[in-house]
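# Summary of the model geometry
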Amino acid sequence: MNLAVNNTSLFLAAMLVLVALGISLWQKLGLDRDIVIGVVRAVVQLFIVGYLLKYIFRVNNLWLTLAMIGFIIFNAAWNAKKRGPGIDHALAISLLAIFVSTGVTLGVLVLSGAIKFVPSQMIPISGMIASNSMVAIGLAYRSLNSQFHDQRQGVLERLALGAGLLDASIAIVREAIRTGMSPTIDSAKTVGLVSLPGMMSGLIFAGVDPVRAIRYQIMVTFMLLSATSLGSIIACYLAYRNFYNEQKQLK
Amino acid sequence: MNSLISLEKVNYQIADQHILHDVDWQIPAGAHITLTGPSGGGKSTLLRIIAAMISKTSGTLIFDGQPIESYDPIMYRRQVSYCFQQPTLFGETVADNLAFPYQIRKQVMDTQRVVTALNNVGLSERTLHQPIIELSGGERQRVALIRNILFLPKVLLLDEVTAGLDENNKQIVHAWLRQLNEQDHVTTILITHDATEIAAADQLAKVVAGRLEVHA
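Residues numbered from 1 in each chain as written. Chains lettered and ligands numbered in written order. Predicted model: local features only at pLDDT ≥ 70, side-chain atom pairs only at ≥ 80, totals over all residues. Heavy atoms only, no water.

### Observations concerning the overall build of chain B
Per the secondary structure count, chain B includes 7 helices and 10 strands. When its C-alpha atoms are laid out on the principal axes, chain B stretches across 50 × 40 × 35 Å. For chain B, the proportion of its 216 residues judged to be buried stands at 51%. The long-range fraction of contacts in chain B, counting pairs at least 24 apart against all pairs at least 6 apart in sequence, stands at 69%. Computing the positive centroid from 18 side-chain charges and the negative centroid from 23, chain B places the two 3 Å apart. (Helix = DSSP H or I, 4+ residues; strand = E, 2+ residues; numbered from the N terminus. Buried < 20%, exposed > 50% of the residue type's maximum accessible area, 1.4 Å probe, protein only. Contact = heavy atoms within 4.5 Å. Lys, Arg positive; Asp, Glu negative; His and termini not counted. Charge placed at Lys NZ, Arg CZ, Asp CG, Glu CD.)

What follows is the structure, encoded as structure tokens:
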């Protein structure tokens, strides 16, 4: 393998941070503090994760692997929840949506033999699935919030005509699911043409034949479609009722 | 006399703002009531409470012998139908709107009935496939009204629905409402500011500063 980043070269590459800092100071962007905090956090978090993963991979224990996946899912749900202010039980809904979307997708990948149940494969793949599901759910929540606000009158009229809550909300729910899924679909269309995504780039970097590397990227494309669609649909169908009270009135 | 709807000491409050005060109102089945009063007095709030679109803060509301709380709100709203002032139409065409009442009841649209309803309010069959963006304000209002009566409710609550119509169309809508009331026995309550409508009222009620005054 021709991977040659050592501490000295990392230290020298840190000069790139000075470029961003310099621009911030020169253009009075006021970002210098954020840049420093961001860089320090990135370095510390990644070093911790690096050593943690090294340990987990070495002990190769089923429960430790599952605990790590659980930790990833919880963090993803916590972040998705923040995009849904005003939605009650957003944490529980996000947890369920990310748990199911990650679980089903991982299950299919493992059963099909695409990945092996070893921590060095399960953990990074879970992270990719959960983070994409998280972004999709966050987008879907924002869409639900903005549509229930903008289309309030239309929802009220459907209710006044005797529509059930799902009939009154279905157009909004569908649009929110679409919003959650569309970045994944868009990137599936341009993958390889605009960006060489992380999975494939990483393998090529590590010296893997590009023709083999793309197989993994194809698998990633499939798994992200499944994860974002499952995550969005579960989250939207569980969250829309939150916009109504017990008397089936719009809050 | 048996009341179809009976309100006793109904109050509505948002935070410390008192919008309706101790409203008592007996509405007999088959009534055709004109509701008036200054803007911001609480007329729409009162109708929305009766329509189960919002809930009263206190008091009792009896519909057809039972408290409003005992009904499933969805089924209740199919019997006590509220039509908004300046309604929004759904989807792309008039047909999308008129199919909606059928969709929510898991039924196929009865085109014959829909066309008759269009004719009754002075719209032609051609309107059915017209895009909603091409409709005038008066046409929109009439299409919205039809949505409320394709399945006849027991009570029809109309919030200034004739305000956007010209004299000719007002006449058409009035005649149609009268027919719904007299032939189909739909109890109607119509909010209006229109002097002619007020003068022609069978029964007049007035909401002033959150209090109801009923004139025989």
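### A few points about the domain arrangement of chain A
Residues and elements named next belong to chain A. Splitting chain A by domain gives domain 1 (1-59) and domain 2 (61-243). With centres defined by C-alpha atoms, the gap from domain 1 to domain 2 works out at 28 Å. Each side of the interface is counted separately: domain 1 has 9 residues, and domain 2 has 8 residues. Across the domain 1 to domain 2 interface the summed buried area is about 750 Å²; carbon plus sulfur atoms make up 81%. Along the contact surface separating domain 1 from domain 2 lie 0 salt bridges. Across the domain 1-domain 2 interface, the total number found is 1 residue pair in polar contact (both at pLDDT 80 or more). (Domains from an automatic or database assignment. Buried area = accessible area lost by both parts, 1.4 Å probe. Salt bridge = Lys/Arg side-chain N within 4 Å of Asp/Glu carboxyl O. Polar contact = N/O pair within 3.5 Å; in protein donor to acceptor, adjacent residues only side chain to side chain.)

### Let's talk about the UniProt feature "transmembrane region" (unreviewed entry) in chain A
Residues and elements named next belong to chain A. Mapped onto this numbering, the UniProt entry gives "transmembrane region" (unreviewed entry) at residues 6-26, 38-56, 62-78, 90-115, 190-208 and 214-240. Between the C-alpha atoms that bound residues 90-115 there is a distance of 31 Å. The span itself is 85% helix and 0% strand. Across residues 214-240, helical content stands at 96% and strand content at 0%; the span's end C-alpha atoms are separated by 38 Å. (UniProt positions renumbered as here; feature names shortened; annotations may be inferred.)

### Things to note about a nonpolar patch on the surface
Residue and element names in this part refer to chain A. A cluster of nonpolar side chains, namely V5, L10, V39, V43, F47 and Y51, defines an oily patch on the protein surface of about 590 Å² accessible area. For the nonpolar patch, the leading source of residues is helix α3 (residues 32-59), giving 4 residues. Looking at the secondary structure, you find V5 in the segment before α1 (7-13). (Patch = residues over 30% accessible without salt bridge, like charges linked within 9 Å, V, L, I, M, F, W, Y side chains within 5 Å. Areas by Shrake-Rupley, 256 points an atom, 1.4 Å probe, with all protein chains shown as cover.)

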